[in-house]
Amino acid sequence: MEKIIDGKAIAEKVRSEVKEQVKSLNALGINPCLAVILVGNDPASAVYVASKTKALQEVGMTDRTFKLAEDTTQQALEDLLDDLNGDDSVHGILVQFPLPAHLDSQRITDKILPQKDVDGFHIQNAGALVCEKDSFIPCTPLGILRLLQETGMETAGKHACIIGRSHFVGRPLSILLSQKPWDCTVTLCHSATKNLSFFTKTADIVIAACGRAGLVTGDMIKTDAVVIDVGINRVPDASKKSGYALKGDVDFESAAKVASAITPVPGGVGPMTIAMLMFNVAKAAGRG
Ligand code: NAP
């Protein structure tokens, strides 16, 4: 097993597979298309949307990006979703979160048709995941599963400790890893967990998804554990032009000395999230 799990290279492999799928779909007269909706002026969201549309173009998919004003009403956004739900040339719909505070995110999420919900956030897709039915799996957990698969490690019977129980990352991942074929024994930790290192130290796989820069240090993990760092945290750094550096939830330097394999930040989970979005759009187009 390689020490550094190269998310960039694995994401590139996924994108190549998706490119081939797009060619097959094109031959059937299907042009996979994702509608991306950005509301407001959040700079980080604008960066995420730009990288998603770039990736769509690279794999030969069509993107339809809607940039809506900060004061867009709930009704206007729901009307747009109704239009896109009814448009057969649109296979997937993604609303970039977070939305401005006056908008009801859950209602917006559940307004998207489940078969176009390529983010896998719709309550119907979340329920299908729990019941092990075919569904759209949220892109970050799906990307982490692929990273683990690519390491070639046997996960059955292993103890996976996940830090963070969000609906989009930690919780779905905990359910997936407990299911076949992964068959892990899962511990799901959160902010009320007492003595976090008690759990991480016995884990064969540690997955940090808590948004706390450097929370997991080398002394908290067992020798030869596999460490997946989901966190993306902006930490002030005067040496950078931007004034900040991107740091994970894991202290890479100390953890890398103990782990058998570890993802870097950036270049680990991040590229996989976008690659799996492409995978989900191709799946939606293939179903349509
Ligand atoms: P979130 O919704 O803020 O959830 C954070 C979770 O971490 C919560 O469950 C919280 O517990 C838990 N937590 C916070 N502090 C903790 C502590 N000291 N000890 C143990 N648990 C703690 O975050 P998210 O959306 O899941 O994202 C997590 C991180 O991953 C963020 O840095 C985010 O930017 C990053 N992320 C990266 C990608 C990617 O593609 N690489 C994708 C998504 C997210 P409570 O539930 O008790 O509050």
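It should be emphasised that the depicted structure is a prediction, and the values quoted were computed from it without experimental measurement.

1. With respect to the pairing of strand β2 (residues 62-68)
For step 1, the next point in the chain: In the sheet, strand β1 (residues 33-39) pairs with β2 via 7 bridges, with the strands oriented parallel. Looking at the pairing, Ala-35 lines up with Arg-64 of β2.
For step 2, the next point in the chain: Remark: the β1/helix α2 (residues 43-58)/β2 crossover connection has right-handed handedness.

2. Some remarks on the packing of helix α1 (residues 7-27) against helix α10 (residues 269-287)
For step 1, the next point in the chain: One way to put it is that α1 packs onto α10 with a least axis distance of 9 Å and a crossing angle of 15 degrees. Of the possible angle classes, the one that applies to α1 and α10 is roughly parallel. In the packing of α1 onto α10, the handedness of the crossing is left-handed. Residues Gly-7, Lys-8, Ile-10, Ala-11, Val-14, Arg-15, Val-18, Gln-21 and Leu-25 of α1 pack against Pro-271, Met-272, Ala-275, Met-276, Met-278, Phe-279, Ala-282, Ala-285 and Gly-286 of α10.
For step 2, the next point in the chain: Across the contact of α1 with α10, the residue classes tally to 13 nonpolar, 3 polar and 2 charged.

3. Digging into the pattern of salt bridges
For step 1, the next point in the chain: Under the defined criterion, the tally for this structure stands at 14 salt bridges.
For step 2, the next point in the chain: For Asp-87, the salt bridge goes to Arg-64, with nearest N and O atoms at 2.9 Å. On the criterion of sequence distance, the pair formed by Asp-87 in the loop between α3 (74-85) and β3 (92-95) and Arg-64 in strand β2 is long-range, its members being 23 residues apart.
For step 3, the next point in the chain: Judged by relative accessible area, Asp-87 falls into the partly exposed class, the value being 22%.
For step 4, the next point in the chain: With relative accessibility at 31%, the residue Arg-64 sits in the partly exposed group.
For step 5, the next point in the chain: Between Arg-107 and Glu-78 there is a salt bridge, with its nearest N and O atoms 2.8 Å apart. Linking Arg-107 in helix α4 (residues 105-111) with Glu-78 in helix α3, this pair joins segments that are 29 residues apart in sequence.

4. Here we look at the site of the ligand
For step 1, the next point in the chain: The local shell around the ligand holds 20 residues, among which Arg-165, Ser-166, Ser-191, Val-230 and Thr-273 are the closest.
For step 2, the next point in the chain: Here Ser-191 contributes a side-chain N or O atom positioned 2.5 Å from an oxygen atom of the ligand.
For step 3, the next point in the chain: In terms of residues, the shell around the ligand owes the most to one element, α10, which gives 3 residues.
For step 4, the next point in the chain: Of the residues assigned to the shell around the ligand, the class counts are 8 nonpolar, 10 polar and 2 charged.

5. Digging into the sheet that holds strand β5 (residues 185-189)
For step 1, the next point in the chain: Read across the sheet, 5 strands follow the order β5-β4-β6-β7-β10 without closing on themselves; strand pairing throughout is parallel. Single-partner strands in this sheet number two, and they are β5 and β10 (261-262).
For step 2, the next point in the chain: Examined bridge by bridge, strand β6 (residues 205-208) and strand β7 (residues 226-229) share 4 bridges and lie parallel to one another. Within the sheet, the bridge partner assigned to Ile-205 lies in β7 and is Val-226.

What counts and what doesn't
- Residues numbered from 1 in each chain as written.
- Predicted model: local features only at pLDDT ≥ 70, side-chain atom pairs only at ≥ 80, totals over all residues.
- Heavy atoms only, no water.
- Pairing = 2+ DSSP bridges.
- Helix = DSSP H or I, 4+ residues; strand = E, 2+ residues; numbered from the N terminus.
- Right-handed = clockwise from strand over helix to strand, strands pointing away.
- Axes fitted to C-alpha atoms, helices over the stretch in contact; angles between N-to-C directions.
- Parallel < 35°, antiparallel > 145°, perpendicular 65-115°, else oblique.
- Left-handed = near helix turned anticlockwise from the far one by under 90°.
- Contact = heavy atoms within 4.5 Å.
- Nonpolar A, V, L, I, M, F, W, Y, C, P; charged D, E, K, R; others polar.
- Salt bridge = Lys/Arg side-chain N within 4 Å of Asp/Glu carboxyl O.
- Buried < 20%, exposed > 50% of the residue type's maximum accessible area, 1.4 Å probe, protein only.
- Near = heavy atom within 4 Å.
- Polar contact = N/O pair within 3.5 Å; in protein donor to acceptor, adjacent residues only side chain to side chain.

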